[in-house]
Each structure stands twice: as C-alpha cells, then as structure tokens.
Amino acid sequence: MKTLTIFTPAYNRAHTLGRTYESLLRQTCDDFEWLIVDDGSKDSTKALVEGWIQEGKISIRYIYQQNQGMHGAHNTAYRNIDTELNTCIDSDDYMPDDAVETIVNFWKAHGSDKYAGIIGLDCTENGNIIGTSFPKGMTETTLNGFYAKGGKGDKKLVYRTEVIKQYPEYPIFEGEKYVSLGYKYLLIDQDYTLLTLNKPLVVVEYQQDGSSMNMYRQYWNNPKGFAFIRKVDMKLCGSMKRKFESCIHYVSSSIRSKNIHFIAESPLPGLTILAILPGCLLYLLTKYKVQSNQKLNVK
C-alpha cells in the first residue's frame, strides 16, 4: 500500500487539472495515490481523467458525485482514503517535483502517533512563500496556534488518515455549498499538534473564480454554513477577542439566513447580544462588497 493519498476536489477545472497531473508525473517518489473527487463537473474532467488512468503512469482513483461544494468533496475523499497520510492539492495547484519524497521521508523520520501529521508551506509559481514561514525553533504547532502567534498565509496540511477520520464530517446545509474546512482542523487542534516542515509542498495560483478570492460571495451565499463554524469558534477559540469577532460574524450570517432564534442558539448569548450592532454593520458591508463584486486579497 502507498503511504500518501493526494486528493483533489475538482469542479469544472479540466483547464487547470492537467498541470496538477503533470506535476505528479514529475515526482521523485511514487509512494502515493491520486484520488480525484469530481464534484459534479459539467466540462471534460471525466474524459480527461479516464485518459490518464488508461495511460497507467501513476496510480489514480476517480469518484464522481453530485455537486456538494468543497467540503462535501472532502467528506467523500476521507471516506475513501486508506493510506497512512493524506493531503489535498486543489485542482488549480500543483506540487514541487520533490514534494512527495519530502513528505514521506520527513514523516518516516519524525512522525508518530503523537502528531496529527505535518504542516508545510505554500508558495507561488515564482517561489515566494505565501504568508510567513515557521519561526526558528518551532518544531510543532497546532494550525490555529500558529496563527494566534502571528503566523500568516495559507499552509499545506498533511494529516494522518486515522486522525482525520476520528472527527465528524462537514455538515451539508440544503441550498448551500460551503462550510469552512477549518472545522475539522480546529477539532483536531484540541487533541494533536502538527510537525512543522519549512519547505513548500504546493505551488498555488488563486483563480479569479475560485473560493479564496470570492470569500465575500461565499459569506453571502452560505450563511448557515458560516453561522455553524462561528458557533464552533465561540466554543473552542481561546481569546475573548476571537470569541467576540466570531459573535459579530455569527450575527451577520444569522441576519442573512433570517434566523430569528440566533441568540437562543448561540453558545455565548450575552456576548452575541453585544455583537448585534457590529454584526449588522458587517452584514451591510458584506452586502455592499458582494453587490460591487469586490474580490478578497489572499496574497
């Protein structure tokens, strides 16, 4: 059995998926399987992947499902992974040539049941690190602990499959297509740390129509999903500042979803009442940004 599953949720990304495939062909280590979860694509993704499977150059599994959103594709991936480690490489990203070798060798040298897995770096095509690297001397961290200490930018997560399956799946809300992937990561943070690896494991390119750059529209179109993660944040995030920020976002999402019971359903009803005014302002700001089609700066 392979050590690592690289899984890729794909939705109408036939025009970018080939770059991901080519990077996997260039890997200096073949101790991996590629799992593609086609989340209801209407383009040529299926035919493209079937052609690659027939080539037989790397191990590929393909699963098609009706569109559920990124988190639904992650649910399907986790149900079907049986390797020791797994990592998600988005359909518009690709891996440096030695990424699999780096992951496998690093885990074999340092990994144990103590850790949830590895946290590595993201970089741009010209080699610039997204956000910040890990400080010297930081050999392990939780994901949220890294950000709480001033860390910035997207990071590449490689989880032990045994760990990721211990926690609940992402909920599916009718009519919505987004729940923060951070839900599972935050739950894992309560019980495990991640080994830090100061090397880029993925090369990212944020698409104009991708989730990251269209986060304001995600807020607007998926209020139940965002209210859900804000309630989790209220329960599990340590600082009062973060809890209050979560209450503000919770109020905004609750207004958008027309949930009149949001105070009673809040884990922190008193703090939520205090957040009503700023929550209303955030709702109006989000509405303005969506109507004016503003993009989120994710660099």
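All values derive from a computational prediction rather than experimental measurement. (Residues numbered from 1 in each chain as written. Predicted model: local features only at pLDDT ≥ 70, side-chain atom pairs only at ≥ 80, totals over all residues. Heavy atoms only, no water.)

## Regarding the sheet that holds strand β6 (residues 140-141)
What the eight strands build is an open sheet, ordered β3-β2-β1-β4-β7-β5-β8-β6; its pairing is mixed. Edge positions in the sheet fall to β3 (60-65) and β6, since each has one partner strand and no second. Sheet strands touched by helix α4 (residues 99-110): β1 (4-10), β2 (32-39), β4 (85-88), β5 (115-123), β7 (155-160) and β8 (193-203). Its angle to β8, the strand with the most contacts, is close to 165°. (Pairing = 2+ DSSP bridges. Helix = DSSP H or I, 4+ residues; strand = E, 2+ residues; numbered from the N terminus. Contact = heavy atoms within 4.5 Å. Axes fitted to C-alpha atoms, helices over the stretch in contact; angles between N-to-C directions.)

## Overview of unusual backbone geometry
Most peptide bonds take the trans form, and the phi angle of most residues other than glycine is negative. Non-glycine residue N12 carries a positive phi angle of around 55°. Locating N12 in the fold gives a position in the loop between β1 and α1 (14-25). At K258, a position not held by glycine, the phi torsion is positive, near 60°. Locating K258 in the fold gives a position in the loop between α10 (240-256) and α11 (262-265).

## A word on helix α2 (residues 45-55)
Within α2 the residues assigned to the buried category are T45, V49 and W52. On an axial view of α2, the arc spanned by its buried residues comes to 55°, and they lie on one face. With respect to the buried face of α2, the exposed residues turned more than 90 degrees away are A47 and Q54. Considering only its buried residues, α2 is in contact with α1, β2 and β3. Once α2 finishes, G56 follows within two positions and takes phi at roughly 70°, a positive value. (Buried < 20%, exposed > 50% of the residue type's maximum accessible area, 1.4 Å probe, protein only. Arc of directions from axis to C-beta.)

## Structural notes on the pairing of β5
Judged by how many residues are buried, β5 sits mostly within the fold: nine of nine residues are covered. Pairing of β5 with β8 involves seven bridges; the strand directions are parallel. Residue pairing for β8: L121 is matched across the bridge by P200. Here β5 runs beside β7; their pairing, made up of five bridges, is antiparallel. Across the sheet, the residue bridging to L121 is K155, located in β7.

## Let's talk about the nonpolar core
Counting residues in hydrophobic clusters, the biggest one holds 34 residues, and the most contacted among them are Y159 and I188. Contributions of two or more residues to this core are made by β2, α3 (70-80), β5, α5 (143-148), β7, α6 (161-164), α7 (182-189) and α9 (223-236). Ranked by residues supplied to this core, first place goes to α7 with five residues. Dropping the residues within four chain positions of it, I188 is found in contact with A116, Y159, V163, I164 and Y167. Counting residues in each nonpolar core, the second largest holds 33 residues, with C29, I58, V104 and W107 among its members. (Core = buried A, V, L, I, M, F, W, Y, C linked by side-chain atoms within 4.5 Å.)

## Some remarks on the environment of R26
Its place among the elements puts R26 in the loop between α1 and β2. In this structure, the C-alpha to C-alpha distance between R26 and P96, residues 70 residues apart in sequence, is 8.5 Å. Non-local contacts of R26, meaning those with residues more than four positions away in its chain, are made with Y94 and D97.

## Re the packing of aromatic side chains
For the structure shown, the criterion picks out 15 aromatic pairs. Plain terms: the ring middles of Y21 and W52 are 4.2 Å apart, the flat faces sit at 15° to each other, and that makes the pair stacked. Of the two residues, Y21 sits in helix α1 while W52 sits in helix α2, which places them 31 residues apart along the sequence. Residue Y21 is classed as buried on the basis of its relative accessible area of 2%. (Phe/Tyr/Trp six-rings, centres within 6.5 Å; stacked < 30°, edge-to-face > 60°.)

## Topic: the side chain of S252
Residue position: S252 is located in helix α10. A relative accessible area of 8% means that S252 is categorised as buried. Residues in contact with S252, not counting those within four places in the same chain, are G279, L282 and Y283.

## Re the packing of α7 against α9
Running from N to C, α7 and α9 cross one another at 15°; their axes reach a closest spacing of 10 Å. Overall, the two elements α7 and α9 adopt an arrangement that is roughly parallel. For the pair α7 and α9, the sense of crossing is left-handed. Of the residues in α9, those in contact with G182, Y183, L186 and L187 of α7 are F228, I229, V232, D233 and L236. The residue inventory of the contact of α7 with α9, partitioned by class, reads seven nonpolar, one polar and one charged. (Parallel < 35°, antiparallel > 145°, perpendicular 65-115°, else oblique. Left-handed = near helix turned anticlockwise from the far one by under 90°. Nonpolar A, V, L, I, M, F, W, Y, C, P; charged D, E, K, R; others polar.)

That is the geometry; function is a separate question.
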